[in-house]
Amino acid sequence: MNNKLTKFENNRGYYPSILNRFFNDDFLNFIDEKNLPAINIKEKKKYFQIEVSAPGFEKDDFNVWVDKDVLKITANDEKKTEDRDKNEQVLRQEFIPSSFARSFILPDNVDTSKIETKENHGILIVKLPKDKTAVENIIKHINIQ
């Protein structure tokens, strides 16, 4: 039984094998994760909690769902550009739309029907309640025969 929350790892099959000789997994992980928001994963007695730090994102920018045993969190910040005056010229533009996707393999003891989420000032909080039977039976003694 898997009772740990783990990060979902993408299959790296799309990288040509010749590149694997020059770039190890640490380098590829750096490339993949440099634009991802920071996360905290906490385990309490009755639930797991994931906190995603995504400043600038609002409640309606996030999507959270479960696909089989994988929790998926995506966000897309498509701020519409403001109408500009015909005489206005933009010299530098650093406000650009951003998005991200994170996936986590859920432990067997998560009750997916009771997952709760909330957003608080750019931090998405996902509460993953543990199944009651899993909470009650954390330690099980097995008799030797």
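### As for the nonpolar core
Across soluble globular proteins, nonpolar side chains show a tendency to be buried alongside one another.
Part 1 of the argument: In this structure, Ile50, Phe62, Leu71, Ile73, Phe100, Val126 and Leu128 are the most contacted members of the largest nonpolar core, which totals 16 residues.
Part 2 of the argument: Where this core is concerned, the elements lending two or more residues are strand E3 (47-53), strand E5 (70-77), strand E6 (98-105) and strand E8 (123-129).
Part 3 of the argument: Ignoring sequence-local partners within four residues, the contact set of Leu71 consists of Ile50, Val64, Trp65, Val66, Arg102, Ser103, Phe104, Leu106, Val126 and Leu128.

### With respect to the environment of Lys118
Part 1 of the argument: One can find Lys118 in strand E7 (residues 116-120).
Part 2 of the argument: Leave out the neighbours within four places in its chain, and Lys118 touches Ile123, Leu124 and Ile125.

### What to know about the confidence of the model for the chain
Part 1 of the argument: Mean pLDDT over the chain stands at 75; residues scoring 70 or higher make up 61%.
Part 2 of the argument: Element-level mean pLDDT values for the chain span from 47 in helix H2 (residues 25-33) up to 95 in E8.
Part 3 of the argument: In this model residues 17-33 is a low-confidence stretch, pLDDT under 50, and it forms 12 contacts with partners more than four residues away in sequence or in other chains.

### Some details on the packing of aromatic side chains
Part 1 of the argument: One pass over the structure, following the stated rule, counts three aromatic pairs.
Part 2 of the argument: Aromatic pair Phe57 and Phe62: ring centres 5.9 Å apart, planes at 45°, arrangement tilted. Of the two residues, Phe57 and Phe62, both sit in the buried class.
Part 3 of the argument: Residues Phe57 and Phe100 carry aromatic rings whose centres are separated by 5.5 Å and whose planes lie at 90° to one another, so their mutual orientation is edge-to-face. Within this pair, whereas Phe57 is found in the loop between E3 and strand E4 (62-67), its partner Phe100 is found in strand E6, the two being separated by 43 residues in sequence.
Part 4 of the argument: Under the relative-accessibility criterion, Phe100 is labelled buried at 8%.
Part 5 of the argument: One aromatic cluster is present, formed by Phe57, Phe62 and Phe100 through successive ring pairs.
Part 6 of the argument: The ring of Phe48 is capped by Lys130, whose NZ or CZ atom sits 4.9 Å from the centre of that ring.

Rules used in this analysis
Residues numbered from 1 in each chain as written. Predicted model: local features only at pLDDT ≥ 70, side-chain atom pairs only at ≥ 80, totals over all residues. Heavy atoms only, no water. Core = buried A, V, L, I, M, F, W, Y, C linked by side-chain atoms within 4.5 Å. Buried < 20%, exposed > 50% of the residue type's maximum accessible area, 1.4 Å probe, protein only. Helix = DSSP H or I, 4+ residues; strand = E, 2+ residues; numbered from the N terminus. Contact = heavy atoms within 4.5 Å. pLDDT = per-residue confidence, 0-100. Phe/Tyr/Trp six-rings, centres within 6.5 Å; stacked < 30°, edge-to-face > 60°. Lys NZ or Arg CZ within 6 Å of the ring centre and 35° of its normal.

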